[in-house]
Amino acid sequence: MAERICDSLWRASAPPGPELSPLKGSHDVKVAIVGGGFTGLSAALHLAKFGVSVAVIEAQEIGFGGSGRNVGLANAGLWLEPDQLDKAIGTEAGKVLYDALAVAPDYVYGLIAEYDIQCEPVRNGSLHAGVGKAGLAQLQRRYAQMAQRGAPVQLLNSAEAQSRIGSTKFNSALFDPRAGTIQPLAYARGLAHAALKEGAHLYDFSPVSSIVPQDNGWLLSTAEGEIRAEKVILATNAYSEHGVKEQARKFVPIHYSQLASKPLSDAQLAVVLPNKEGVWDTCTVMSSFRLDKQGRLVFGGMGGEGNVLSNWASQRVAEMFPVLSKVEWDYCWTGQIAYSEDHLPHCQQLQRGLYSVAGYSGRGIGPGTIMGKELAEWFTDRREALSVPTTVLRNIPMRELKRLFYEVGAQTYHLGQRSHALD
Ligand SMILES: Cc1cc2nc3c(=O)[nH]c(=O)nc-3n(C[C@H](O)[C@H](O)[C@H](O)COP(=O)(O)OP(=O)(O)OC[C@H]3O[C@@H](n4cnc5c(N)ncnc54)[C@H](O)[C@@H]3O)c2cc1C
C-alpha cells in the first residue's frame with residue numbers, strides 16, 4: 001500500500017487564497033471580525049459591499065478552522081428536525097430560522113456564481129441515508145415535517161436509495177435537491193478574494209490576544225498591531241483560541257475525521273454515487289461520504305484521526321461498496337465541530353458592541369454564510385433582527401466529560417463495528 005499522506009485533500013487541491021500579511025501598526029475600522037472562516041468572511045464581504053469599513057483578523061491562514069476542514073455538504077436547514085427546532089425556540093422563531101436556512105444553498109451557490117469562486121460546486125442534491133428501522137423512522141419523520149413546510153424533498157425507497165448510492169447497505173434515503181457539494185477550503189478562500197474585492201481588510205497569522213473596551217468601542221491587539229472598532233464580531237466557533245479562548249466553553253468540541261481515496265476508476269465511478277450527491281447516514285455515530293472533482297471518495301466519521309478510524313473506514317467502505325474492497329487512502333485530516341447544548345447556532349451580544357456567532361453543531365456552510373450576511377444587514381439597519389436566537393449562552397457544565405463521552409463513544413463504536421464485522 002502506498003504511504004498515506006496525513007494532510008487535507010482540501011489543502012492539497014484548493015486554488016490559492018489571496019496573499020495577505022499579518023496585522024501591523026495601528027488601524028481604525030467600524031467593524032472588526034476575529035476569525036477568517038465562512039461566518040467572518042461572509043460578514044466582511046457583505047459589510048464591505050454596504051460601504052462599511054471592516055477588517056478580518058485570522059490567527060492562522062484563511063479557512064484554518066472548521067471552514068477549511070469540513071465535508072463540503074452545502075445543505076438547507078439545520079441538524080435538528082424542524083419540529084425539534086420549533087420546540088426549542090418556539091413556532092414563530094422556529095419558522096423564521098427554518099425559512100432563512102431553507103434558502104441557504106441558493107445563497108451559497110449564488111455567491112459562488114457572482115464572484116466566480118472556483119470551489120468545485122456540484123448541485124445535484126444530498127441523500128440522508130437510512131440505516132435500520134430507527135433510521136427509516138427518522139427519515140419518515142423528517143420527510144413529513146419538511147414536506148409540510150414546503151421543502152421539495154423526496155423519500156426514496158430501498159431500491160431507489162441503493163441505486164442512487166451504489167450500495168445495498170441502506171434501506172431508504174431522504175433526497176434534498178436544494179443541496180450540493182463544494183470544496184470547502186476553496187469556498188473560504190474564494191470568499192476572502194471576494195471580501196477583498198469589495199474593500200474589506202484581511203490579515204492572517206495574527207492571533208488576537210486581547211479585546212478591551214474603549215470609550216466608543218473596542219481595542220483588539222495582536223503581537224505586532226492593534227485595531228480600534230466600534231463593533232466586534234467573534235467568529236471563532238470551535239476554534240476559539242488565544243484572546244477569545246473563553247468562548248469555547250459554551251460548546252462541546254467533537255472531532256470529525258475524513259479520509260480521501262485515490263481517484264476511483266471509471267468502472268467504480270459508474271457504481272459509487274453515479275449522480276455525485278453528498279451523503280450522510282442516520283447512525284448515531286454518523287458517517288458521511290461524497291466524491292471530489294477528481295473522483296476521490298471522501299469518507300468521514302466521528303472521532304479523531306488514527307488507525308482505529310482508518311481501519312474502520314476501510315472496512316466500512318468495502319462493506320458498502322464491494323467494488324472498493326481494496327480502497328487506498330491518500331489523505332486524512334480532522335476538524336472540530338462546536339456542538340451547542342441545544343444544537344443550534346446562537347448570536348450572543350456579550351457586551352455592548354461585542355458579538356459572537358457560533359454553535360453550528362456541524363452545519364455551517366449555509367448557516368455561517370447566511371449569519372455573516374444577516375449581521376452585515378443588521379449592523380446597517382437593513383434588517384431589524386437576526387434569524388438565530390440571540391440568547392446569551394452559559395458555559396456548558398461538565399463540558400470535558402461530555403466531550404470524552406462522544407469521543408470515547410465514537411472510538412468504541414468504530415472498534416466494535418470492526419471486530420463484529422471481522423468475526
Ligand atoms: C470535520 C467537519 C465537517 C463538517 N462538515 C460540514 C458540512 O459538510 N456541511 C456544513 O454545512 N458544515 C459542516 N461543518 C461545520 C462547518 O464547517 C462550521 O460550522 C463552519 O466552518 C464554522 O465557520 P466559522 O467561520 O464560524 O468558524 P471557523 O471556520 O472554525 O473559523 C474560526 C476561525 O477563527 C480563528 N481564530 C480563533 N481564535 C482566534 C483569535 N484569537 N484571533 C484570530 N483568529 C482566531 C481560527 O483560526 C479559525 O480560522 C463541519 C465541521 C467540521 C469540523
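Note that the coordinates shown come from a computational prediction; the quantities given were computed from them, not determined experimentally. (Residues numbered from 1 in each chain as written. Predicted model: local features only at pLDDT ≥ 70, side-chain atom pairs only at ≥ 80, totals over all residues. Heavy atoms only, no water.)

### Notes on empty space enclosed by the protein
Summary: where empty space remains is shown by rolling a probe the size of a single water molecule over the atoms. Enumeration over the complete set of coordinates arrives at three cavities of 30 Å³ or more. Roughly 270 Å³ of internal volume is contained in the largest cavity. Ala-76, Leu-78, Arg-142, Met-146 and Arg-363 are the residues nearest the centre of the largest cavity, which is lined by 22 residues in total. Elements that contribute at least two residues to the lining of the largest cavity include exactly α4 (82-89), α5 (91-102), β4 (126-130), α7 (132-148) and β6 (172-176). Among the elements that line the lining of the largest cavity, the one with the most residues is α5, at four residues. Here the residues of the lining of the largest cavity sort into 14 nonpolar, four polar and four charged. (1 Å grid on protein atoms, 1.4 Å probe; cavity = no way out; pocket = protein on both sides within 12 Å on 5 of 7 lines; lining within 4 Å. Points joined across faces, edges and corners; volume = space filled by probe spheres on them. Helix = DSSP H or I, 4+ residues; strand = E, 2+ residues; numbered from the N terminus. Nonpolar A, V, L, I, M, F, W, Y, C, P; charged D, E, K, R; others polar.)

### Here's the deal with the site of the ligand
Close contacts around the ligand come from 37 residues, with Thr-39, Glu-58, Ser-67, Leu-73 and Tyr-239 the closest. Here Ser-67 contributes a side-chain N or O atom positioned 2.5 Å from an oxygen atom of the ligand. Between the ligand and the protein, one listed contact pairs a nitrogen atom with a backbone N or O atom of Gly-364 at 2.9 Å. Across the complex, the protein chains shield 97% of the 1,000 Å² of accessible surface that the ligand would expose by itself. Taken together, the elements giving at least two residues each to the shell around the ligand come down to α2 (38-49), α3 (66-69) and β16 (329-339). Of the residues belonging to the shell around the ligand, the class tally is 16 nonpolar, 17 polar and four charged. (Near = heavy atom within 4 Å. Polar contact = N/O pair within 3.5 Å; in protein donor to acceptor, adjacent residues only side chain to side chain. Areas by Shrake-Rupley, 256 points an atom, 1.4 Å probe, with all protein chains shown as cover.)

### Re the nonpolar core
Ile-33, Tyr-187 and Leu-202 are the most contacted members of the largest nonpolar core, which has 68 residues in total. Counting residues per element, this core draws most heavily on helix α9 (residues 184-198), at eight residues. Aside from chain neighbours lying at most four places away, what touches Leu-202 is Leu-20, Ser-21, Leu-41, Val-56, Ile-62, Ala-192, Ala-195 and Leu-196. Counting 27 residues, the second-largest nonpolar core is a separate cluster that includes Leu-127, Ile-165, Phe-289 and Met-320. (Core = buried A, V, L, I, M, F, W, Y, C linked by side-chain atoms within 4.5 Å. Buried < 20%, exposed > 50% of the residue type's maximum accessible area, 1.4 Å probe, protein only. Contact = heavy atoms within 4.5 Å.)

### With respect to the UniProt feature "domain: FAD dependent oxidoreductase" (unreviewed entry) in the protein
Following the UniProt record, one finds the feature "domain: FAD dependent oxidoreductase" (unreviewed entry) at residues 30-378. With 35% helix and 28% strand, residues 30-378 has end C-alpha atoms that lie 14 Å from one another. (UniProt positions renumbered as here; feature names shortened; annotations may be inferred.)

### A word on the pairing of strand β9 (residues 210-214)
For β9 and strand β10 (residues 217-221), the ladder comprises five bridges, and the chain directions are antiparallel. Along β10, the bridge assignment pairs Ile-211 with Leu-220. The turn joining β9 and β10, which pair antiparallel and follow one another in sequence, is formed by two residues. (Pairing = 2+ DSSP bridges.)

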